[in-house]
Amino acid sequence: MGTVRTAVRVEGVVQGVGFRPFVHALATGLGLTGLVGNDLDGVFAEVEGPRAAVAEFLRRLERDAPPLARIERVTTRAVAPERSGAFVIAASDPRSGLRRTLVSADTATCADCLRELADPADRRYRYPFINCTGCGPRFTIVRDVPYDRPLTTMAPFEMCEPCAAEYHDPADRRFHAQPTCCPACGPRLAISAASAASNGHDDPLQAAAELLRQGKVLAVKGLGGYHLAADAACERAVAALRQRKHREDKPFAVMAADLAAARQLAEADEAAAALLTSPARPIVLLPRRPHASIANDAAPGNRQLGIMLPYTPLHHLLLQAVARPIVLTSGNVSDEPIVYRDDEAIQTLKGIADAFLTHDRAIHVRTDDSVARTFRGRPMLIRRSRGYVPEPVTTQTAFPRPVLACGAELKNTFCLARGRHAFVSHHIGDLENAETLRSFTEGIEHFRRLFDVDPQVVAHDLHPEYLSTKYALDLDGVDLHGVQHHHAHIASCLADNGRTAGDGPVIGVAFDGTGYGPDGTIWGGEFLAAGLAAFERGGHLAPVPMPGGAAAIRQPWRMAAAYAGDPEVARRHPDRWAAVVAMAARGINSPLTSSAGRLFDAAAAILGVRDAVNYEGQAAIELEQLADPAEDGVYPAAVGAGVPFTIRAADLLHAAVEDRTNRVPAPVIAARFHRGVAALIEAGCLLMRDRYGLGTVALSGGVFQNLLLLHDTVSRLEGGGFRVLVHSRVPCNDGGISLGQAVAAAARDRA
Ligand SMILES: [Zn+2]
Ligand SMILES: [Zn+2]
């Protein structure tokens with residue numbers, strides 16, 4: 001049995017996740033000698049010993065890898081044996097090569113750390129910053145790569161002797177855990193002084209819990225920014241929070257101590273429970289229990305509740321101390337981004353929070369909580385941010401040249417891509433103020449450094465007024481690709497499903513609120529014959545005027561006027577009705593739109609759900625809540641024969657008005673409207689199949705966040721023999737646009 005030596009290279013998320021100690025333990029356990037180390041490409045190792053033992057090492061390397069590791073590729077080559085006597089951990093080599101190493105996402109406190117947190121004999125007993133290579137802060141504290149403590153916001157905290165000993169011990173769970181620390185050497189919790197004194201607790205955590213129990217609003221510094229917290233069952237506290245935050249109707253998320261506590265508030269099936277307890281710990285939208293003890297103001301008019309479980313040791317300790325669920329919502333005013341710097345937090349939140357529970361570990365990148373739900377047992381991300389970012393979306397084919405995609409205007413994300421990795425950014429927000437624009441430009445610079453991407457191809461929306469478009473057009477020395485908004489949605493759905501250019505075109509159904517159409521109208525109810533590189537507009541909802549332009553987005557009653565001239569809506573707006581109808585008829589300040597979002601708005605106004613909205617998509621969300629899922633009546637809509645064909649969606653609204661006149665209950669009408677939209681999508685797809693010979697449908701656009709519509713649409717299409725692609729890894733809303741732009745631009749670059 002001869003001795004062999006094999007050089008091994010492991011690529012993927014393999015740093016900061018306990019990979020080297022794992023390799024060390026595996027190799028020594030098999031009696032192998034050699035070395036393991038980190039470099040800019042990932043992990044390198046050399047193992048030497050009997051051929052069978054080396055083979056066993058390679059088998060277990062992938063099979064038994066640490067839970068947070070994401071191995072993308074293992075390559076091996078034979079090298080000459082060195083007869084070395086031991087297995088050692090080599091020093092990191094930061095010198096050369098691409099920065100291919102992947103920084104992992106922030107990860108919820110692991111079971112081992114939770115056990116220590118609860119153990120009075122442990123030196124980190126009740127320490128709110130406990131972490132290890134298997135859990136803790138990552139993306140939010142990384143300033144640069146390689147991922148090493150001096151390049152994180154943990155740099156100012158010098159490790160004490162016991163921590164340093166663990167950090168340097170390959171057999172220890174905290175071997176090279178960059179954020180490792182303890183009460184003696186790590187960050188400390190603090191509470192604003194006046195409030196601590198007022199209730200006599202000198203422990204900041206107990207003082208904070210006491211304030212929450214008293215119905216106070218607390219600002220809490222979390223992983224990616226400040227949150228505002230209040231006792232979720234306390235009407236007074238939640239009402240005060242809502243009023244001070246100027247957040248009129250948007251639902252607040254709730255944090256529950258554990259899965260059992262979450263299940264008292266909402267229904268979570270197995271798939272939802274898996275998502276709730278996953279290391280990413282997103283906010284999961286769940287059906288609310290009718291008698292859940294939650295303040296009315298937490299999620300007004302909503303049958304869903306956004307719930308998350310604690311994801312930092314601080315959250316665990318706080319929830320235990322308060323002993324009841326808390327509302328936990330972004331620390332910001334109205335639509336501004338979540339605050340993350342200590343000075344700005346005090347400045348911005350002092351009028352909202354009664355006290356601040358904070359600490360001295362800096363947050364480098366502002367990162368909001370992610371939001372998800374499940375569809376047919378699969379996760380469906382609605383906002384992809386903390387816990388997921390910056391792990392790349394892996395694509396089937398490589399990007400020929402490095403790409404930057406600038407995304408859309410609302411719910412903006414950007415995307416940097418190279419090789420087979422698309423690094424879709426954290427949620428930046430609506431690009432309509434200086435603060436979000438700064439997050440956008442600084443975020444792009446940060447990602448460029450972190451992942452060593454120097455974009456040569458830049459993709460952007462066609463809308464000339466989007467700040468993201470203007471940013472792209474200002475760049476020098478790059479190849480620019482304008483990608484139509486709805487084509488980007490479909491390309492995003494294709495990439496989400498691992499489709500390549502070679503898979504050929506699909507029927508893309510892109511239903512959303514607003515997107516710039518090359519014909520000068522506003523698109524948003526589109527049937528596209530689409531591949532990654534190009535598309536043809538095969539059909540769309542018949543365009544209607546949007547009286548007053550943007551005003552029609554804020555005031556859905558205007559769409560009811562334009563669409564159906566509904567007399568009951570007219571009665572609610574006697575002063576402006578005639579003017580708005582005339583405006584629409586004459587086309588004055590009334591751009592034409594085929595938007596499905598505006599169709600839902602009109603239906604919501606007709607049903608008296610909402611005449612004005614406080615946030616994008618609100619009318620449609622409330623219409624979905626109203627609908628009776630048991631009703632299976634369907635409103636029909638006429639499909640025109642032209643090329644591209646048009647669908648007369650106004651038929652749905654006329655049927656709704658007629659039903660309402662006949663005193664059909666509103667939940668029944670709302671359901672028939674939803675089923676009518678699903679039916680018209682099916683009709684459109686059948687026509688597309690006839691004309692283009694395509695059998696696969698990709699569904700994208702924010703309208704498909706509507707689960708009632710999505711379920712009905714997918715069942716109908718599958719019943720009609722179509723293969724249906726829906727989103728999972730990236731949002732169907734505009735948060736997924738940047739990925740679609742990136743793959744579309746790459747497909748053209750390749751051509
Ligand atoms: Zn841990
Ligand atoms: Zn320490």
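Computed from a predicted model, the values in this text were never measured in an experiment.

## Structural notes on the overall build of the protein chain
Scanning the protein chain from terminus to terminus reveals 24 helices and 28 strands. Relative to the compact-globule value of 27 Å for 751 residues, the protein chain shows a C-alpha radius of gyration of 27 Å, a close match. Once the C-alpha set of the protein chain is aligned to its principal axes, its extents read approximately 85 × 65 × 50 Å. Here the protein chain holds 751 residues, and 60% of them are scored as buried.

## A word on helix H20 (residues 618-626)
Most of H20 sits inside the fold, with seven of its nine residues counted as buried. At its buried positions, H20 is contacted by strand S11 (304-308), helix H16 (556-564), helix H19 (596-606), helix H22 (666-692) and helix H23 (707-719).

## Some details on the coordination of the zinc ion (ligand 1)
Around the zinc ion (ligand 1), the protein supplies Cys-110 (SG), Cys-113 (SG), Cys-132 (SG) and Cys-135 (SG) as donor atoms, at distances of 2.3 Å. Given four donor atoms and angles of 103 to 119° at the metal, the environment of the zinc ion (ligand 1) is assigned as tetrahedral. Between the donor residues of the zinc ion (ligand 1), the gaps in sequence give the motif C-x2-C-x18-C-x2-C. Separated by 19 residues along the polypeptide, Cys-113 in helix H3 (residues 111-117) and Cys-132 in the loop between H3 and helix H4 (161-168) bring together distant segments of the chain.

## Concerning the pattern of salt bridges
Summed over the entire model, instances satisfying the criterion amount to 41 salt bridges. For the salt bridge of Glu-391 with Arg-70, the shortest nitrogen-to-oxygen distance reads 3.4 Å. Taken together, the residues span a long stretch of sequence, with Glu-391 in the loop between strand S15 (378-383) and strand S16 (393-405) and Arg-70 in strand S4 (residues 70-79) at a distance of 321 residues. Across the salt bridge formed by Asp-354 and Arg-244, the nearest N and O atoms sit 3.4 Å from each other. Within this pair, whereas Asp-354 is found in the loop between helix H11 (342-349) and strand S13 (355-359), its partner Arg-244 is found in helix H7 (residues 235-245), the two being separated by 110 residues in sequence. The partly exposed category is assigned to Asp-354, whose relative accessible area is 36%. Three or more residues are tied together by salt bridges with common partners; here these are Asp-112, Arg-115, Glu-116, Arg-173 and Arg-174.

## Here's the deal with the sheet that holds strand S7 (residues 218-221)
A sheet is described by the order of its strands in space; here 10 strands give the open sequence S6-S13-S7-S8-S12-S9-S11-S10-S14-S15, paired in mixed fashion. Both outer strands of the open sheet, strand S6 (189-191) and S15, are each paired with one neighbouring strand and no more. Taken together, the two bridges between strand S10 (residues 283-287) and strand S14 (residues 371-375) define a ladder with parallel strand orientation. Each bridged residue has a counterpart across the sheet, and for Val-284 the counterpart in S14 is Ala-372.

## A closer look at the coordination of the zinc ion (ligand 2)
Donor atoms from the polypeptide that coordinate the zinc ion (ligand 2) comprise Cys-160 (SG), Cys-163 (SG), Cys-182 (SG) and Cys-185 (SG), at 2.2 to 2.3 Å from the metal. Coordination at the zinc ion (ligand 2) is tetrahedral, judged from the four donor atoms that bind it and the angles of 102 to 117° they form at the metal.

## Some details on the environment of Val-79
Its place among the elements puts Val-79 in strand S4. Separated by 31 residues in sequence, Val-79 and Glu-48 have C-alpha atoms that sit 9.4 Å apart. Contacts of Val-79, omitting those with residues within four sequence positions, involve Arg-5, Thr-6, Ala-7 and Glu-46.

## Side note on the packing of aromatic side chains
Here the structure, examined in full by the defined rule, presents 14 aromatic pairs. Centre to centre, the rings of Phe-423 and Phe-451 are 3.9 Å apart; their planes meet at 10°, and the pair counts as stacked. Of this pair, Phe-423 sits in strand S17 (residues 415-424) while Phe-451 sits in helix H12 (residues 434-451), and the two are 28 residues apart along the sequence. Phe-451 carries the same exposure label as Phe-423, and that label is buried. Among the aromatic residues, those joined into a cluster by ring pairs are Phe-139, Phe-414, Phe-423, Phe-440, Phe-447, Phe-451 and Tyr-471. Note that Arg-242 overlies the ring of Phe-252, its terminal NZ or CZ placed 4.1 Å from the centroid. One Lys or Arg, Arg-689, reaches over the ring of Phe-722 and ends 4.1 Å from the middle of that ring.

## Details of the packing of H16 against H19
The N-to-C vectors of H16 and H19 enclose an angle of 95°; their axes lie 7 Å apart at closest approach. By the angle between their directions, the pair H16 and H19 is classed as roughly perpendicular. Taking contact as the criterion, the partners of Pro-556, Trp-557, Met-559, Ala-560, Tyr-563 and Ala-564 in H16 are, on H19, Arg-598, Leu-599, Asp-601, Ala-602, Ala-605 and Ile-606. Each residue belonging to the contact of H16 with H19 can be placed in one class, and the counts come to 10 nonpolar, no polar and two charged.

## Quick look at the pairing of S14
Burial analysis of S14 places five of its five residues in the buried class, the great majority of the element. The alternating pattern of S14 places Val-371, Arg-373 and Phe-375 and Ala-372 and Thr-374 on opposite faces, both of which are buried. Strand direction decides the pairing type here: S14 and S15, joined by five bridges, are antiparallel. Each residue of the ladder has a partner; that of Ala-372, found in S15, is Leu-381. Connecting S14 to the next strand, S15, in antiparallel fashion are two residues, including Arg-376 with a positive phi near 50°.

## Re the packing of helix H14 (residues 485-496) against helix H24 (residues 737-750)
In a pair of packed helices, the angle between the axes and the distance between the axes together describe the arrangement. At their nearest, the axes of H14 and H24 sit 7 Å apart, and the two run at 90° to each other. As far as their axial angle goes, H24 and H14 are roughly perpendicular. Facing His-485, His-487, Ala-488, His-489, Ala-491, Ser-492, Ala-495 and Asp-496 of H14, the residues of H24 in contact are Ile-737, Leu-739, Gly-740, Gln-741, Val-743, Ala-744 and Arg-748. Of the residues belonging to the contact of H14 with H24, the class tally is seven nonpolar, six polar and two charged.

## Here we look at the environment of Trp-557
Assignment of secondary structure puts Trp-557 in helix H16. Judged by its relative accessible area of 1%, Trp-557 falls in the buried class. Residues Trp-557 and Gly-608, 51 residues apart in the sequence, show an inter-C-alpha distance of 9.1 Å.

Parameters at a glance
Along each chain, the written sequence defines residue order, and numbers are assigned to residues from 1. For this description, chains carry letters from A and ligands carry numbers from 1, given in the order in which they are written. Per-residue local features of the predicted model are confined to residues with pLDDT of at least 70, and side-chain atom pairs are confined, for both listing and counting, to 80 or more; whole-chain, interface and lining totals are unaffected and use all residues. Excluded from the side-chain calculations are hydrogens and water; all other atoms, namely the structure's heavy atoms, are used. By the criteria applied, helices consist of DSSP H or I runs no shorter than four residues and strands consist of E runs no shorter than two, each listed in order from the N terminus. Atoms counted for the radius of gyration: C-alpha only. Globule rule: 2.2 Å times the number of residues to the power 0.38. Each residue is assigned to one of three classes by its accessible area relative to the maximum for its type, calculated with a 1.4 Å probe on protein chains only: buried under 20%, partly exposed between the two thresholds, exposed over 50%. Contacts: residue pairs with any heavy atoms within 4.5 Å of one another. The donor definition counts N, O and S atoms within 2.8 Å of each metal and applies 3.2 Å to Na, K and Ca; water is not among these atoms, so some sites may look incomplete. Between 85 and 135 degrees for all angles marks four donors as tetrahedral; over 155 degrees for opposite donors together with 65 to 115 for all other angles marks four donors as square planar and six as octahedral; every other arrangement is irregular. Think of a salt bridge as a Lys or Arg side-chain nitrogen and an Asp or Glu carboxyl oxygen that are within 4 Å of each other. Pairing between strands is defined by DSSP: at least two bridges between them are needed. Ring pairs are drawn from Phe, Tyr and Trp, using the six-membered ring of Trp, whenever the two centres fall within 6.5 Å, and their geometry is named by plane angle: stacked under 30 degrees, edge-to-face over 60, tilted for the rest. Throughout this description, the term charge over a ring refers to an Arg CZ or Lys NZ atom that lies within 6 Å of the ring centre and within 35 degrees of the ring normal. Whenever a helix is involved, its axis is fitted only over the stretch in contact; in every case the axis is a line through C-alpha atoms, and angles between N-to-C directions fall within 0 to 180 degrees. Reported orientations rely on four angle classes, namely roughly parallel under 35 degrees, roughly antiparallel over 145, roughly perpendicular from 65 to 115, and oblique for the rest. Throughout, the ten residues Ala, Val, Leu, Ile, Met, Phe, Trp, Tyr, Cys and Pro are labelled nonpolar, Asp, Glu, Lys and Arg are labelled charged, and all others, Gly among them, are labelled polar.

Fair warning: the whole summary comes from geometry, so function is off the table for now.
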